[in-house]
Amino acid sequence: MPATDLSLLVKAAEQAGDIACRYTGPAARRWDKPGGAGPVTEADLAVNAMLEDMLQQARPDYGWLSEETEDGTARLTRDRVFIIDPIDGTRSFAEGSRTWAHSIAIAEKGEVTAAVIYLPQRELMYTAAKGKGAACNGSPVNISSATVLADTEILAAKPNLQSHHWQGGIPPAFIRSYRPSLAYRLAKVADGRFGAMLTLRPSWEWDIAAGDLLVREAGGTITDRSGNLLRFNNPHPRLNGVVAGNRALHGELMAALDPAGPGIAGH
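It should be emphasised that the depicted structure is a prediction, and the values quoted were computed from it without experimental measurement.

(A) Up close: the sheet that holds strand β16 (residues 242-245). One open sheet holds the 5 strands; their spatial order is β11-β10-β12-β16-β14, and the pairing between them is mixed. Each of the sheet's edge strands pairs with one partner strand only, and the pair in question is β11 (175-177) and β14 (221-223). Averaged over neighbouring strand pairs, the angle between their axes works out to 20° when direction is ignored. Sheet topology places β14 next to β16; 3 bridges connect them, and they run antiparallel. Across the sheet, I222 pairs through a bridge with A244, a residue of β16. Running at roughly 155° to strand β12 (residues 196-199), helix α4 (residues 182-190) makes contact with β10 (153-155), β12, β14 and β16 of the sheet.

Right under this line is the structure:
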């Protein structure tokens, strides 16, 4: 089933890319969501409408969780659920950048089993199915073999380096880089370009689900900021941050994090 589901997700991602690329980012109509939840464009909504129609017709017994669809409780009664971010990196898209992605995943009883992260304007199609490995444009990808954190590029936004996150108030030494799409950051860890990534603030499931499987199938380790394995299709679909990388780097980052630091309960 994961392999069959993956074929469906690839087709859906390709159609999503075709739709999104019809819009020129800065010219696309844009709104700000209430409560400071970030921007949404007409491209996000068009992609979401297509995906909801296509995927739910193909798998009517699967639940649905998407950033751009009002959430409900029906998905909690389903063994399998689609977890979708129609455009991850909407700000980047709206600014005319090419670094945004379609993030599409299926979770079964809390575990992601099929996933696609597609960057149409970079011609990058990342895919993974449970037990089948991870790939980019059809070629297998593997996690970085780096073992020295101080010499390794880690994807992290600046707020993650604030002292209250780290034991002793000092983050570990590493080379910090950044990409605007959280899904893309996870994909770049899966393909070995970066040694690890972390985001220590509460993170929505739709930003993380596809990348979770990519990292695991590429041989990596991915948890929340407290070291717990990620589970999906939660009643409140938010995770307590994400730390991903190979086992050695993940372990170093976890050892340096302050376990009493701010987590999802206090956000």
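(B) Main features of the environment of F93. In this fold, F93 is placed in helix α3 (residues 90-94). Distance from F93 to R75, taken between C-alpha atoms, is 29 Å for residues 18 residues apart in sequence.

(C) Examining the environment of R98 more closely. Along the chain, R98 turns up in the loop between α3 and β5 (101-108). Judged by its relative accessible area of 43%, R98 is partly exposed. Note: C-alpha distance between R98 and Q121 (23 residues apart in sequence) is 5.4 Å. Ignoring anything within four residues of it in the chain, the contact list for R98 reads Q121 and R122. There is a polar contact of 3.2 Å between the side chain of R98 and the backbone oxygen of Q121.

(D) Structural view of the packing of aromatic side chains. Using the criterion set out here, one finds 4 aromatic pairs in the structure. An angle of 85° between the planes, with centres 5.0 Å apart, marks the rings of F93 and W100 as edge-to-face. Its relative accessible area of 2% is what places F93 among the buried residues. Ring geometry for W204 versus W206: centroids 4.9 Å apart, planes at 10°, classification stacked. For W204, a relative accessible area of 28% puts it in the partly exposed group. Residue W206 is classed as buried on the basis of its relative accessible area of 8%. Put simply, the rings of Y62, W64 and F82 pair up and form one aromatic cluster. Positioned above the aromatic ring of F194 is the side chain of R193, whose terminal nitrogen or guanidinium carbon lies 4.2 Å from the ring centre. The lysine or arginine in question, R238, covers the ring of W204, its NZ or CZ lying 4.4 Å from the ring centre.

(E) Main features of unusual backbone geometry. Although it is not a glycine, K109 adopts a positive phi angle of roughly 50°. Along the chain, K109 falls in the loop between β5 and β6 (111-119). Judged by relative accessible area, which is 57%, K109 ranks as exposed. For N233, which is not glycine, the phi torsion reads 65° and is therefore positive. Here N233 shows up in the loop between β14 and β15 (238-239).

(F) Up close: the side chain of R75. Locating R75 in the fold gives a position in the loop between β3 (63-66) and β4 (80-88). When its relative accessible area of 2% is taken as the criterion, R75 is described as buried. Here the side chain of R75 touches N234 through a polar contact of 3.0 Å, landing on its backbone oxygen. Beyond its immediate sequence surroundings of up to four residues, R75 is in contact with G63, W64, L65, V81, N233, N234, P235 and P237.

(G) Local environment of the pairing of β3. Of the two faces of β3, the one carrying G63 and L65 and the one carrying W64 and S66 are both buried. Pairing analysis gives 4 bridges linking β3 to β4, with the strands arranged parallel. Bridging from a neighbouring strand, L65 pairs with I83 of β4.

(H) Summary view of the packing of α4 against helix α5 (residues 205-217). It is the contact of α4 with α5, at a shortest axis distance of 8 Å, that shows an interaxial angle of 5°. One finds that α4 runs roughly parallel with respect to α5. In this structure, α4 contributes L182, A183, L186, A187, V189 and A190 to the contact, and α5 contributes D207, I208, G211, D212, L214 and V215. Partitioning the contact of α4 with α5 into residue classes produces 9 nonpolar, 1 polar and 2 charged.

Rules and cut-offs
Residues numbered from 1 in each chain as written. Predicted model: local features only at pLDDT ≥ 70, side-chain atom pairs only at ≥ 80, totals over all residues. Heavy atoms only, no water. Pairing = 2+ DSSP bridges. Helix = DSSP H or I, 4+ residues; strand = E, 2+ residues; numbered from the N terminus. Axes fitted to C-alpha atoms, helices over the stretch in contact; angles between N-to-C directions. Contact = heavy atoms within 4.5 Å. Buried < 20%, exposed > 50% of the residue type's maximum accessible area, 1.4 Å probe, protein only. Polar contact = N/O pair within 3.5 Å; in protein donor to acceptor, adjacent residues only side chain to side chain. Phe/Tyr/Trp six-rings, centres within 6.5 Å; stacked < 30°, edge-to-face > 60°. Lys NZ or Arg CZ within 6 Å of the ring centre and 35° of its normal. Parallel < 35°, antiparallel > 145°, perpendicular 65-115°, else oblique. Nonpolar A, V, L, I, M, F, W, Y, C, P; charged D, E, K, R; others polar.

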